[in-house]
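A look at the structure
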Amino acid sequence: MEASGVEVLVGFQRRFDPAVSELHRRVRAGEVGDVYLVRALGNDARPPDLGYLPNSGGIFRDLLIHDLDAVPWLVGEPVVEVYASGSVLVDRAFADADDVDNAVVLLKFAGGAHATLAGGRHDPLGYDHRIEVLGSRDSLAVGLDPRTPLTSLEPGGPRVAADAYPGFPERFHRAYLTEVATFAQVVAGTVANPSPARESLISLRLAEACEQSRRSGAPVRVQAEVIA
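Cut-offs applied
- Residues numbered from 1 in each chain as written.
- Predicted model: local features only at pLDDT ≥ 70, side-chain atom pairs only at ≥ 80, totals over all residues.
- Heavy atoms only, no water.
- Helix = DSSP H or I, 4+ residues; strand = E, 2+ residues; numbered from the N terminus.
- Rg over C-alpha atoms; globule rule 2.2 N^0.38 Å.
- Buried < 20%, exposed > 50% of the residue type's maximum accessible area, 1.4 Å probe, protein only.
- Areas by Shrake-Rupley, 256 points an atom, 1.4 Å probe, with all protein chains shown as cover.
- Expected span 1.5 Å × (residues − 1).
- Contact = heavy atoms within 4.5 Å.
- Salt bridge = Lys/Arg side-chain N within 4 Å of Asp/Glu carboxyl O.

Quick look at the overall build of the protein
Helix and strand content of the protein: 7 helices and 7 strands. Reading the secondary structure of the protein in the N-to-C direction produces α-β-α-α-β-α-β-β-β-β-α-α-α-β. Relative to the 2.2 N^0.38 estimate, which gives 17 Å for 228 residues, the radius of gyration of the protein is 18 Å and therefore close to what a compact globule would have. When its C-alpha atoms are laid out on the principal axes, the protein stretches across 45 × 45 × 35 Å. Here the protein holds 228 residues, and the buried ones make up 45% of them. With the model as given, the accessible surface of the protein reaches about 11300 Å², and the carbon-plus-sulfur share is 54%.

Here you go:
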(Lines give C-alpha, C1' and ligand atoms only; values in the text may rest on other atoms or scores of the structure.)
Protein backbone atom coordinates (compact mmCIF):
# COMPACT_ATOMS: atom_id res chain seq x y z
CA MET A 1 0.00 0.00 0.00
CA GLU A 2 2.75 2.46 0.87
CA ALA A 3 4.65 1.52 -2.29
CA SER A 4 1.60 2.44 -4.36
CA GLY A 5 1.55 5.96 -2.98
CA VAL A 6 -2.20 5.71 -2.36
CA GLU A 7 -3.45 6.65 1.11
CA VAL A 8 -5.50 4.08 3.04
CA LEU A 9 -7.61 5.49 5.85
CA VAL A 10 -8.74 2.77 8.27
CA GLY A 11 -12.13 3.35 9.85
CA PHE A 12 -11.35 2.89 13.54
CA GLN A 13 -13.96 5.40 14.64
CA ARG A 14 -12.53 6.06 18.11
CA ARG A 15 -9.85 8.26 16.52
CA PHE A 16 -12.54 10.43 14.93
CA ASP A 17 -14.76 10.88 17.99
CA PRO A 18 -14.47 14.55 19.05
CA ALA A 19 -14.10 13.73 22.76
CA VAL A 20 -11.50 11.02 22.13
CA SER A 21 -9.64 13.37 19.77
CA GLU A 22 -9.58 16.02 22.49
CA LEU A 23 -8.33 13.44 24.98
CA HIS A 24 -5.55 12.56 22.52
CA ARG A 25 -4.62 16.23 22.14
CA ARG A 26 -4.45 16.79 25.90
CA VAL A 27 -2.42 13.67 26.61
CA ARG A 28 0.04 14.41 23.82
CA ALA A 29 0.29 18.08 24.89
CA GLY A 30 1.40 16.95 28.33
CA GLU A 31 -1.70 18.27 30.11
CA VAL A 32 -2.26 14.92 31.84
CA GLY A 33 1.39 14.69 32.82
CA ASP A 34 2.95 11.26 33.02
CA VAL A 35 0.34 8.65 32.17
CA TYR A 36 -0.11 6.21 35.04
CA LEU A 37 -3.08 4.16 33.86
CA VAL A 38 -5.63 3.96 31.06
CA ARG A 39 -8.95 2.16 31.51
CA ALA A 40 -11.19 1.35 28.58
CA LEU A 41 -14.57 -0.38 28.61
CA GLY A 42 -16.63 -1.47 25.61
CA ASN A 43 -19.87 -3.41 26.04
CA ASP A 44 -22.38 -4.24 23.35
CA ALA A 45 -26.02 -3.87 24.32
CA ARG A 46 -26.95 -7.09 22.53
CA PRO A 47 -24.85 -9.99 21.29
CA PRO A 48 -24.22 -10.15 17.54
CA ASP A 49 -26.16 -12.58 15.38
CA LEU A 50 -24.89 -15.98 16.40
CA GLY A 51 -24.37 -16.95 12.76
CA TYR A 52 -21.70 -14.23 12.60
CA LEU A 53 -19.54 -15.73 15.33
CA PRO A 54 -17.59 -18.38 13.38
CA ASN A 55 -16.30 -15.71 10.98
CA SER A 56 -16.00 -12.79 13.40
CA GLY A 57 -12.31 -13.32 14.15
CA GLY A 58 -13.03 -13.53 17.87
CA ILE A 59 -13.64 -10.91 20.51
CA PHE A 60 -10.13 -9.43 20.36
CA ARG A 61 -10.06 -8.96 16.58
CA ASP A 62 -13.71 -7.92 16.33
CA LEU A 63 -14.68 -5.92 19.43
CA LEU A 64 -11.58 -5.05 21.44
CA ILE A 65 -9.41 -4.24 18.43
CA HIS A 66 -10.94 -0.75 18.44
CA ASP A 67 -9.45 -0.07 21.86
CA LEU A 68 -6.25 -1.90 20.95
CA ASP A 69 -5.98 0.81 18.30
CA ALA A 70 -7.17 3.79 20.34
CA VAL A 71 -5.36 3.27 23.65
CA PRO A 72 -1.78 2.97 22.28
CA TRP A 73 -2.61 5.92 20.00
CA LEU A 74 -3.58 7.95 23.07
CA VAL A 75 -0.53 6.97 25.14
CA GLY A 76 1.98 7.37 22.30
CA GLU A 77 4.27 4.60 23.53
CA PRO A 78 4.80 1.07 22.23
CA VAL A 79 3.15 -1.86 23.99
CA VAL A 80 5.74 -4.38 25.18
CA GLU A 81 3.57 -7.00 26.91
CA VAL A 82 0.01 -8.26 26.67
CA TYR A 83 -2.04 -10.42 28.99
CA ALA A 84 -5.62 -11.43 28.20
CA SER A 85 -8.31 -13.59 29.74
CA GLY A 86 -11.86 -14.38 28.71
CA SER A 87 -14.98 -16.26 29.73
CA VAL A 88 -18.26 -17.44 28.23
CA LEU A 89 -21.02 -15.91 30.35
CA VAL A 90 -23.64 -14.75 27.84
CA ASP A 91 -24.30 -17.64 25.46
CA ARG A 92 -22.81 -21.09 24.95
CA ALA A 93 -22.74 -20.34 21.21
CA PHE A 94 -19.56 -18.32 21.78
CA ALA A 95 -17.79 -21.38 23.17
CA ASP A 96 -19.09 -23.44 20.25
CA ALA A 97 -17.42 -20.87 17.97
CA ASP A 98 -14.16 -21.21 19.95
CA ASP A 99 -14.61 -17.69 21.31
CA VAL A 100 -15.51 -15.88 24.53
CA ASP A 101 -18.14 -13.22 25.19
CA ASN A 102 -16.42 -11.31 28.00
CA ALA A 103 -12.73 -10.48 28.06
CA VAL A 104 -10.14 -8.37 29.83
CA VAL A 105 -6.74 -7.23 28.55
CA LEU A 106 -3.75 -5.81 30.37
CA LEU A 107 -1.27 -3.82 28.29
CA LYS A 108 2.16 -2.78 29.54
CA PHE A 109 3.81 0.15 27.77
CA ALA A 110 7.52 0.70 27.26
CA GLY A 111 7.57 3.54 29.80
CA GLY A 112 5.95 1.41 32.50
CA ALA A 113 2.35 2.64 32.33
CA HIS A 114 -0.46 0.10 32.08
CA ALA A 115 -3.85 -0.05 30.41
CA THR A 116 -6.78 -2.26 31.24
CA LEU A 117 -9.29 -3.03 28.52
CA ALA A 118 -12.58 -4.82 29.08
CA GLY A 119 -15.18 -5.86 26.55
CA GLY A 120 -18.43 -7.76 26.67
CA ARG A 121 -21.18 -8.87 24.33
CA HIS A 122 -24.18 -7.99 26.48
CA ASP A 123 -25.13 -4.98 28.59
CA PRO A 124 -28.84 -4.96 29.49
CA LEU A 125 -28.87 -1.18 29.96
CA GLY A 126 -27.44 -0.24 26.55
CA TYR A 127 -24.21 0.25 24.62
CA ASP A 128 -21.37 1.49 26.81
CA HIS A 129 -17.96 2.71 25.75
CA ARG A 130 -15.69 4.74 28.00
CA ILE A 131 -12.00 5.60 28.28
CA GLU A 132 -10.27 7.05 31.34
CA VAL A 133 -6.71 8.35 31.52
CA LEU A 134 -5.12 8.89 34.93
CA GLY A 135 -1.89 10.85 35.07
CA SER A 136 0.40 12.89 37.29
CA ARG A 137 -1.39 16.17 36.49
CA ASP A 138 -4.95 15.31 35.60
CA SER A 139 -7.52 12.54 35.22
CA LEU A 140 -9.79 12.65 32.16
CA ALA A 141 -12.64 10.55 30.84
CA VAL A 142 -14.71 10.22 27.69
CA GLY A 143 -17.98 8.35 27.30
CA LEU A 144 -19.64 9.71 30.45
CA ASP A 145 -22.75 11.68 29.52
CA PRO A 146 -26.52 11.59 30.19
CA ARG A 147 -26.93 8.63 27.79
CA THR A 148 -24.28 6.40 29.40
CA PRO A 149 -25.96 3.14 30.50
CA LEU A 150 -24.73 3.26 34.09
CA THR A 151 -26.55 3.73 37.40
CA SER A 152 -24.78 5.45 40.27
CA LEU A 153 -25.71 4.42 43.82
CA GLU A 154 -24.35 7.65 45.25
CA PRO A 155 -26.85 10.23 46.55
CA GLY A 156 -27.64 12.54 43.66
CA GLY A 157 -25.63 10.40 41.25
CA PRO A 158 -26.76 9.89 37.65
CA ARG A 159 -29.39 7.35 36.68
CA VAL A 160 -29.74 5.57 33.36
CA ALA A 161 -31.64 7.79 30.94
CA ALA A 162 -34.60 6.55 28.95
CA ASP A 163 -32.57 7.16 25.78
CA ALA A 164 -29.39 5.29 26.82
CA TYR A 165 -27.29 4.43 23.78
CA PRO A 166 -28.81 1.38 22.03
CA GLY A 167 -25.73 0.63 19.93
CA PHE A 168 -22.43 1.88 18.53
CA PRO A 169 -23.97 3.84 15.60
CA GLU A 170 -25.71 6.13 18.08
CA ARG A 171 -22.79 6.34 20.50
CA PHE A 172 -20.32 7.23 17.75
CA HIS A 173 -22.63 9.24 15.48
CA ARG A 174 -20.39 12.33 15.59
CA ALA A 175 -17.32 10.17 15.04
CA TYR A 176 -18.70 8.66 11.83
CA LEU A 177 -19.61 12.09 10.45
CA THR A 178 -16.12 13.36 11.23
CA GLU A 179 -14.58 10.24 9.70
CA VAL A 180 -16.36 10.76 6.38
CA ALA A 181 -15.36 14.42 6.27
CA THR A 182 -11.76 13.55 7.13
CA PHE A 183 -11.67 10.86 4.45
CA ALA A 184 -12.65 13.47 1.85
CA GLN A 185 -9.90 15.77 3.11
CA VAL A 186 -7.30 13.00 2.97
CA VAL A 187 -8.32 12.20 -0.61
CA ALA A 188 -8.02 15.90 -1.45
CA GLY A 189 -4.58 16.02 0.16
CA THR A 190 -5.47 18.81 2.57
CA VAL A 191 -4.88 16.89 5.84
CA ALA A 192 -2.55 14.14 6.98
CA ASN A 193 -3.98 10.64 7.31
CA PRO A 194 -4.96 10.22 11.00
CA SER A 195 -5.59 6.46 10.77
CA PRO A 196 -3.06 4.84 8.40
CA ALA A 197 -2.92 1.14 7.62
CA ARG A 198 0.55 0.73 9.14
CA GLU A 199 -0.78 1.60 12.60
CA SER A 200 -3.79 -0.67 12.12
CA LEU A 201 -1.42 -3.57 11.55
CA ILE A 202 -0.02 -2.90 15.02
CA SER A 203 -3.54 -3.15 16.44
CA LEU A 204 -4.04 -6.47 14.67
CA ARG A 205 -0.76 -7.82 16.07
CA LEU A 206 -1.88 -6.83 19.55
CA ALA A 207 -5.22 -8.58 19.01
CA GLU A 208 -3.41 -11.73 17.93
CA ALA A 209 -1.17 -11.50 21.00
CA CYS A 210 -4.31 -11.22 23.15
CA GLU A 211 -5.73 -14.38 21.62
CA GLN A 212 -2.43 -16.19 22.17
CA SER A 213 -2.37 -15.06 25.80
CA ARG A 214 -5.98 -16.11 26.40
CA ARG A 215 -5.30 -19.59 25.11
CA SER A 216 -1.98 -20.04 26.92
CA GLY A 217 -2.90 -18.28 30.15
CA ALA A 218 0.44 -16.45 30.10
CA PRO A 219 1.59 -12.92 29.23
CA VAL A 220 2.93 -12.43 25.71
CA ARG A 221 5.87 -10.18 24.93
CA VAL A 222 5.36 -8.15 21.77
CA GLN A 223 7.69 -6.23 19.50
CA ALA A 224 7.72 -2.58 20.46
CA GLU A 225 6.06 -0.50 17.73
CA VAL A 226 5.08 3.12 18.18
CA ILE A 227 1.64 4.36 17.14
CA ALA A 228 1.99 8.00 16.16
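There's plenty left to go through after this.
Quick look at helix 7 (residues 197–216)
Counted at 1.5 Å a residue, the expected span for helix 7 with its 20 residues is 28 Å, and the 29 Å between its end C-alpha atoms agrees. Restricting attention to buried positions, one finds in helix 7 the residues A197, E199, S200, I202, S203, L206, A207, A209, C210, E211, S213 and R214. Where helix 7 is buried, its residues meet helix 2 (59–62), helix 3 (65–75), strand 2 (79–87), strand 3 (102–109) and strand 7 (220–221).

Topic: the side chain of S200
Locating S200 in the fold gives a position in helix 7. The class of S200 is buried, set by a relative accessible area of 11%. Setting aside residues no more than four positions away along its own chain, S200 makes contact with V10 and F12.

A word on the pattern of salt bridges
All chains considered together, the criterion is met by 17 salt bridges. The closest approach of N and O atoms between R15 and D69, which form a salt bridge, is 2.8 Å. Of this pair, R15 sits in the segment before helix 1 (18–28) while D69 sits in helix 3, placing them 54 residues apart in sequence. Residue R15 shares its accessibility class with D69, and that shared class is buried. R215 is the salt-bridge partner of D98, the closest N and O atoms lying 2.8 Å from each other. With a gap of 117 residues between them, D98 in the loop between helix 4 (92–96) and strand 3 and R215 in helix 7 connect regions that are remote in the sequence. For D98, a relative accessible area of 47% gives the class partly exposed. Looking at R215, the relative accessible area reads 48%, which means it is partly exposed. It is possible to trace a salt-bridge network through shared partners that takes in E22, R25, R26 and E31.

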